[in-house]
Structure formats: structure tokens, C-alpha cells
Amino acid sequence: MVHWTAEEKQLISSIWSKVNVEECGAEALARLLIVYPWTQRFFASFGNLSSPTAISGNPMVRAHGKKVLTSFGEAIKNLDNIKTTYTKLSELHCDKLHVDPENFRLLGDILIIVLAAHFTRDFTPACHFAWQKLVNVVAHALARKYH
Amino acid sequence: MVLSAQDKTNVKGIFAKIGGQAEEYGAEALERMFSAYPTTKTYFPHFDVSHGSAQVKAHGKKVAAALVEAVNHIDDIAGALSKLSDLHAQKLRVDPVNFKLLGHCFLVAVASHNAAALTPEVHASLDKFLCAVGNVLTAKYR
């Protein structure tokens with residue numbers, strides 16, 4: 001089980017309380033598809049992904065980004081039980097979606113960059129540490145049921 | 001990362017030892033990869049990945065042929081694998097981390113069948129070669 005210090009929990013929730021989930025989620029997913037274009041392989045049905053502008057403005061990307069980050073919020077609500085929180089989602093990503101878990105790591109790192117860009121100096125090294133731990137734990141939990 | 005003249009000699013040497021069994025090595029590398037790294041199966045949801053699978057055999061043959069082609073054009077791997085590089089960038093889009101995994105499994109297959117030939121020096125050369133192949137295949141990703 002992951003151990004979170006009180007400080008780590010505080011750093012995570014204080015940032016999260018100021019996050020606009022819809023905007024941040026949309027931006028994170030858009031950046032994933034732009035910075036690592038091969039990740040577009042999972043989104044053939046999303047329509048126009050032909051340029052960074054198209055991706056950033058794509059309504060399906062925005063909606064899906066919101067969905068993904070909302071789910072991330074569940075982990076934050078259940079920091080002491082992230083594994084169980086993501087059991088079903090892990091199975092889904094393996095058995096139905098066939099998503100390489102490397103993508104969870106990529107998205108986690110993108111999220112950190114988006115948060116850093118948004119919070120600038122307030123995203124201190126200590127903040128970064130706590131959030132890096134969180135995204136790693138989430139990626140691990142989502143990969144856990146792969147077989 | 002550059003392949004020295006010695007590296008090239010070592011790689012050609014080990015592939016000469018593998019000879020006509022390259023296809024088997026390809027299939028074995030894939031089978032090992034699917035077992036040791038189950039996440040790699042996400043790229044083959046349409047495959048039967050069980051031991052002895054005809055699909056894995058066939059795909060192993062393709063992988064081996066590409067490696068042999070690279071060895072035969074070891075001075076210009078990028079040129080030799082240009083079409084494969086395009087395919088991976090535009091269509092397959094396998095995440096770059098996976099090339100290391102397959103390369104590793106290929107080394108394991110070679111080690112298990114050719115322990116004596118896989119000296120530390122040859123091991124180093126073959127590892128560099130497989131890295132180079134992976135780099136070429138992901139070179140056009142972005």
C-alpha cells in the first residue's frame with residue numbers, strides 16, 4: 001500500500017482544489033496527442049487530429065480529456081485505496097481498450113507539465129514530488145490487472 | 001550511438017551462427033516478450049499468442065527477416081528499414097519502449113541457444129545493433 005505523508009496529501013489537494021478539471025483535462029489529452037503523436041492510434045474515431053490546432057479544438061478530445069481527469073479525481077479522493085479504485089478501469093483498458101500502459105506514464109508526465117504551466121512558481125519542487133508520486137501510483141494501478 | 005567496425009563484424013558473426021534458424025529466433029523472441037511483458041500483447045489483440053501459435057510463428061518470420069535485412073545492410077540500417085520505419089510511424093505506432101523489450105527478448109533467445117558465441121563483446125555489439133534498429137523504426141514518429 002502506498003504511504004502518503006500529511007504534507008504530500010496537502011500538496012496534492014491544495015493544487016487539485018484549484019484545478020479546472022474540464023480545461024486541464026482537455027489540455028492534457030490534447031498535449032499527449034500532440035507531443036507523442038503515436039498515441040493518436042487509440043483515437044481514430046475522433047475525427048480531425050491533423051494539426052496541433054485541430055487537436056486542441058477537437059470537441060471529442062476535450063470531452064474525453066475531461067472524462068479522464070475526472071476519473072483522476074477519484075484517485076485523489078481515495079489516496080489510500082487507489083489500487084481498488086482502479087480495478088475495473090484497469091481490466092477495461094487491458095481487455096477491451098488494449099492500451100499499452102506506457103501511455104498512462106506519458107499522460108501522467110504531461111499532466112505534471114500542464115499543472116506546472118498553470119501554477120508556475122506555486123508548483124514547487126515539493127509539489128512536483130507529490131504529484132509525480134501520484135501519477136506514478138495511478139499509472140501503476142491502471143496497469144495492475146493486465147495479463 | 002555508432003556501430004564500430006568490430007560491432008559490425010560481431011553482429012554479422014552471430015547472425016551467421018544463427019543462420020537459417022533466424023525465423024525460429026524471431027518467433028521465440030516474440031513468445032518470450034508476450035510472456036515476460038504482457039502489456040506488449042495489447043498490440044496484438046487479434047493474435048493467438050499461445051505457445052506454438054501459427055500467427056506468432058509467421059510474425060516471428062517477418063521480424064527475423066527485417067533483422068537479417070538490417071544486418072545485410074549494416075552500414076545503412078535506416079535505408080534498409082525505411083519502409084518499415086514509415087509503417088511503424090504512420091500505421092502501427094507501437095510505443096517506443098516496446099522495441100527495447102523485444103530487443104531484450106531477442107538477446108535472451110540468442111543467449112539460450114548460443115551461450116558460447118555470445119561473449120560479452122558480442123553481447124554488447126548485438127545490444128547496440130538492436131538499439132539502432134529500434135531507433136530507426138521510431139525515427140519518424142515525430
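Only a predicted model underlies this, so the values are computations on that prediction, with no experimental measurement involved. (Residues numbered from 1 in each chain as written. Chains lettered and ligands numbered in written order. Predicted model: local features only at pLDDT ≥ 70, side-chain atom pairs only at ≥ 80, totals over all residues. Heavy atoms only, no water.)

1. Notes on the overall build of chain A
Piece 1. The number of helices and strands found in chain A is eight helices and zero strands.
Piece 2. Mapped in sequence order, the helices and strands of chain A form the string α-α-α-α-α-α-α-α.
Piece 3. A compact globule built from 147 residues would reach a C-alpha radius of gyration of about 15 Å, and chain A, at 15 Å, matches this within 12%.
Piece 4. Within chain A, buried positions represent 45% of all 147 residues.
Piece 5. Considering only contacts in chain A between residues 6 or more positions apart, those separated by 24 or more positions represent 72%.
Piece 6. A total accessible area of about 7,600 Å² is found for chain A, and carbon and sulfur atoms account for 58% of it. (Helix = DSSP H or I, 4+ residues; strand = E, 2+ residues; numbered from the N terminus. Rg over C-alpha atoms; globule rule 2.2 N^0.38 Å. Buried < 20%, exposed > 50% of the residue type's maximum accessible area, 1.4 Å probe, protein only. Contact = heavy atoms within 4.5 Å. Areas by Shrake-Rupley, 256 points an atom, 1.4 Å probe, with all protein chains shown as cover.)

2. Remarks on the UniProt feature "domain: Globin" (unreviewed entry) in chain B
Piece 1. Using the residue numbers shown here, the UniProt feature "domain: Globin" (unreviewed entry) corresponds to residues 2-142 of chain B.
Piece 2. Annotated as residues 2-142 of chain B, this span is 70% helix and 0% strand, and its ends, taken at the C-alpha atoms, are 22 Å apart. (UniProt positions renumbered as here; feature names shortened; annotations may be inferred.)

3. Regarding the pattern of salt bridges
Piece 1. A full pass over the atoms with the stated rule returns eleven salt bridges over all chains.
Piece 2. Note that arginine 31 of chain A is salt-bridged to glutamate 27 of chain A, the shortest N-O span being 2.7 Å. Of this pair, arginine 31 of chain A and glutamate 27 of chain A both sit in helix α2 (residues 21-35), separated by four residues, roughly a single helical turn.
Piece 3. When its relative accessible area of 36% is taken as the criterion, arginine 31 of chain A is described as partly exposed.
Piece 4. Residue lysine 140 of chain B pairs with aspartate 86 of chain B through a salt bridge whose shortest N-O separation is 2.7 Å. Here lysine 140 of chain B is found in the segment after α7 (120-138), whereas its partner aspartate 86 of chain B is found in helix α5 (residues 82-92), with 54 residues between them in sequence. (Salt bridge = Lys/Arg side-chain N within 4 Å of Asp/Glu carboxyl O.)

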